[in-house]
Amino acid sequence: MKDSLIIELFWQRSQEAIPAVAEKYYPYLYSISYNILSNKEDSEECVNDTYLKAWDSIPPQKPNCLSAFLGRITRNISLNLAKKHSAQKRSNGGYYAVLDELNECIPSGESTEKKLEDRMIVDSIESFLYSRSLEKRNIFIKRYWYLCSVKEIAKAYSISENKVASLLFRMRKELKEHLEKDGIYL
Amino acid sequence: MKNEKLLQLLGEINTDLIVSANKPYRKNTLRALALVACIALVVGVAIYALPYKTKKLPKITVCDDFGGMGYEALMAYDVSELVNANPWSEDMKLSTLPVYKNMYTYDESLNIPKSSEEYTEILVKEAKKRLDGENATVSASGADSVIIEFSPAIEFPQKYSFNHYCSYEEISDLAEYVKKKYSHIIDMPDPIINIYGGDYDIYDRRMLNISFYNNSKSDTEKILNYNFNTVHFFRDENGKLNLVGITECDLSQKLGEYPIITLKKAEKELYRGYYITTVPHKINKDMKIEKAELIYRNHGYDKYYMPYYKFYIEIPNNVGSGIKSYGVYYVPAVESRYLENMTVWDGSFN
């Protein structure tokens with residue numbers, strides 16, 4: 001079913017909206033959640049919560065891109081759940097591995113107390129990403145938006161894991177420099 | 001946590017970025033078309049050439065030109081003093097290894113070819129980016145390596161020293177310090193320390209050197225990193241850090257995955273005389289192999305970057321004082337059916 005039709009079902013408060021979303025987007029949303037949580041039951045729960053959240057948000061919203069809209073919801077719900085789990089053991093694969101890597105992008109913050117609005121930081125991250133080649137940019141987003149494993153990315157791009165790791169390592173370093181240049185110290 | 005915040009903020013990036021990253025990867029349409037054409041060609045050839053099912057690897061030539069640099073022998077009291085962090089081991093059980101065309105073989109006048117300029121320029125540019133405020137100049141040093149020169153040379157903290165008299169443990173400590181302090185110059189996700197050398201000069205001074213290469217889960221990749229992508233730290237006569245050498249060989253022209261022989265087989269080949277060397281001593285059955293490793297030779301004379309078994313054999317010397325000389329002999333690791341010019345070594349010396 002076309003996205004525009006699915007959104008129309010939501011707007012009509014049709015009971016068919018959620019099965020239509022599930023049919024089209026379940027694998028996509030499940031993979032986002034599973035990359036973060038590495039747990040089948042939790043991921044399924046997050047995807048179901050995504051449907052409910054979408055039901056509550058559409059209307060009033062009318063997303064231009066349904067996949068990204070839903071993906072963003074799943075990502076946020078899954079990250080929140082992972083955060084809850086952090087009180088327990090650090091056993092959830094993808095989420096913590098990515099957190100450790102992102103530590104390298106964070107400027108020290110000692111030299112300034114200035115705090116910028118989140119939107120400015122996001123703008124800076126976006127301008128960084130747009131200034132990179134499509135391939136590099138997508139690999140970075142695959143890792144840090146979709147939380148795909150290095151192995152998965154390497155397979156998708158037909159390059160070695162080592163090359164992916166090196167590329168991400170350089171990009172994290174460059175992002176840190178970019179944020180610092182923009183005066184951003186998280 | 002700050003990284004959680006960053007992860008959360010990354011979630012807010014533009015929709016088009018998210019959508020684009022989720023599209024199936026294709027290098028470009030032309031490439032895709034080229035791939036289709038290649039598949040068609042391969043299928044065609046396969047049908048035509050049945051029963052020749054295996055892909056034919058081009059034959060390669062063994063380079064026996066060493067550039068007239070004297071002969072390659074190392075002096076040590078015991079072979080165990082000759083060290084390095086070569087990741088290769090016989091246990092890896094490798095059946096094939098990649099062979100590459102050396103894009104920048106020296107021309108007939110032994111000059112670096114002009115075609116390398118663009119590649120070298122990129123290396124220099126990348127190396128400059130690695131600096132973090134150090135007072136240094138970056139210049140090309142061959143087609144695929146650059147030198148960072150610190151001016152003035154940088155003094156190490158007092159507890160470290162870097163000279164002929166340092167033990168392996170002292171150099172290890174220093175390497176750990178360098179790895180941390182100069183991680184921006186090493187610029188590798190998971191650098192492995194390579195302390196190498198350990199041979200003596202004619203003044204009976206032993207020298208251990210420090211370099212780094214990137215780790216990998218793949219044995220082959222680790223071997224390639226060790227041989228082709230390295231960062232070396234050099235000292236001046238006062239034990240200060242004055243140079244860093246970065247080598248990144250251009251491996252863009254892969255010829256294929258070549259079947260390789262085992263170490264045992266290579267030993268047999270060595271005693272049969274199928275080796276190359278600069279050492280003016282012909283191998284005979286009484287000469288004992290003291291050490292063996294697998295390496296890629298990667299100097300400007302080589303037309304191909306191909307793996308060799310490198311054998312260290314004790315050879316006669318007249319130095320006295322109990323120090324021994326270990327001559328180096330190379331046996332191509334690639335199966336001989338893929339070698340164009342491998343003959344019994346004639347014993348010549350440059």
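As the structure is a computational prediction, the values presented were derived from the model and not from experiment.

Novice: Honestly, the interface of chain A and chain B in this entry has me stumped. Any pointers?
Specialist: Where interface size is given, it is often the accessible area lost as the parts come together that is meant. Each partner contributes to the interface: chain A provides 49 residues, whereas chain B provides 36 residues. Across the chain A/chain B interface, buried area totals approximately 3,800 Å², and carbon plus sulfur atoms make up 58% of it. If you look at where chain A meets chain B, you find three salt bridges. A salt bridge links Arg170 of chain A to Asp187 of chain B; the shortest N-O distance between them is 3.0 Å.

Novice: Got a minute to help me understand the confidence of the model for chain B in this structure?
Specialist: Residues and elements named next belong to chain B. In this model, chain B carries an average pLDDT of 85, and 85% of its residues clear a pLDDT of 70 or more. Every residue in residues 28–41 is under pLDDT 50, and counting partners more than four places away or in other chains gives one contact. Predicted confidence is poor over residues 43–54, with pLDDT under 50, and the contacts of this stretch with residues over four places away or in other chains come to zero contacts. With a pTM of 0.63, the predicted complex shows an ipTM of 0.78.

Novice: What exactly am I supposed to notice about the packing of helix 1 (residues 3–11) of chain A against helix 2 (residues 17–37) of chain A here?
Specialist: All names here are of chain A. One way to put it is that helix 1 packs onto helix 2 with a least axis distance of 8 Å and a crossing angle of 150°. Our classification of the angle between helix 1 and helix 2 gives roughly antiparallel. As helix 1 runs across helix 2, the sense of the crossing is left-handed. Contact with helix 1, carried on its side by Asp3, Ile6, Leu9 and Phe10, involves Ala17, Ile18, Ala20, Val21, Lys24 and Tyr25 of helix 2 and no other residues of that element. In the contact of helix 1 with helix 2, the residues fall into eight nonpolar, no polar and two charged.

Novice: Is there a simple way to think about the pairing of strand 6 (residues 206–214) of chain B in this case?
Specialist: Across a regular strand the side chains alternate sides, sitting on one face of the sheet and then on the other. Residue and element names in this part refer to chain B. The buried fraction of strand 6 is high, at nine of nine residues. Across the two faces of strand 6 the burial is the same, with Arg206, Leu208, Ile210, Phe212 and Asn214 and Met207, Asn209, Ser211 and Tyr213 all buried. Of the strand pairs in this sheet, strand 5 (residues 191–200) and strand 6 are connected by eight bridges, and their pairing is antiparallel. Residue pairing in the sheet places Tyr200 in a bridge with Arg206 of strand 6. Following strand 5, the chain reverses through five residues before pairing antiparallel with strand 6; Asp204 in that reversal takes a positive phi of roughly 65°. Where strand 6 meets strand 7 (residues 229–235), four bridges bridge the pair, whose relative direction is antiparallel. By the bridge assignment, Ile210 is partnered in strand 7 with Phe233.

Novice: Help me out: how do you make sense of the packing of helix 6 (residues 118–130) of chain A against helix 1 (residues 2–10) of chain B in this one?
Specialist: Packed helix pairs are characterised by how far apart their axes lie and by the angle those axes make with each other. Remark: helix 6 of chain A packs on helix 1 of chain B, axes separated minimally by 10 Å, with the N-to-C direction vectors making an angle of 70°. Taken together, the axis directions place helix 6 of chain A and helix 1 of chain B in an arrangement best described as roughly perpendicular. Along its contact with helix 6 of chain A, which presents Asp118, Ile121, Val122 and Ile125 of chain A, the element helix 1 of chain B presents Lys5, Leu6, Gln8, Leu9 and Leu10 of chain B. Here the residues of the contact of helix 6 of chain A with helix 1 of chain B are counted per class, giving six nonpolar, one polar and two charged.

Novice: Mind showing me how you'd approach the side chain of Asp250 of chain B here?
Specialist: Residues and elements named next belong to chain B. Mapped onto the secondary structure, Asp250 falls in the loop between strand 8 (241–248) and strand 9 (254–259). Side chain to side chain, Asp250 and Tyr104 meet in a polar contact 2.7 Å long. In contact with Asp250, not counting residues within four places along its chain, are Lys101, Met103, Tyr104, Tyr119, Asp144 and Tyr305.

Reading the values: rules and limits
- Residues numbered from 1 in each chain as written.
- Chains lettered and ligands numbered in written order.
- Predicted model: local features only at pLDDT ≥ 70, side-chain atom pairs only at ≥ 80, totals over all residues.
- Heavy atoms only, no water.
- Contact = heavy atoms within 4.5 Å.
- Buried area = accessible area lost by both parts, 1.4 Å probe.
- Salt bridge = Lys/Arg side-chain N within 4 Å of Asp/Glu carboxyl O.
- pLDDT = per-residue confidence, 0-100.
- Axes fitted to C-alpha atoms, helices over the stretch in contact; angles between N-to-C directions.
- Helix = DSSP H or I, 4+ residues; strand = E, 2+ residues; numbered from the N terminus.
- Parallel < 35°, antiparallel > 145°, perpendicular 65-115°, else oblique.
- Left-handed = near helix turned anticlockwise from the far one by under 90°.
- Nonpolar A, V, L, I, M, F, W, Y, C, P; charged D, E, K, R; others polar.
- Buried < 20%, exposed > 50% of the residue type's maximum accessible area, 1.4 Å probe, protein only.
- Pairing = 2+ DSSP bridges.
- Polar contact = N/O pair within 3.5 Å; in protein donor to acceptor, adjacent residues only side chain to side chain.

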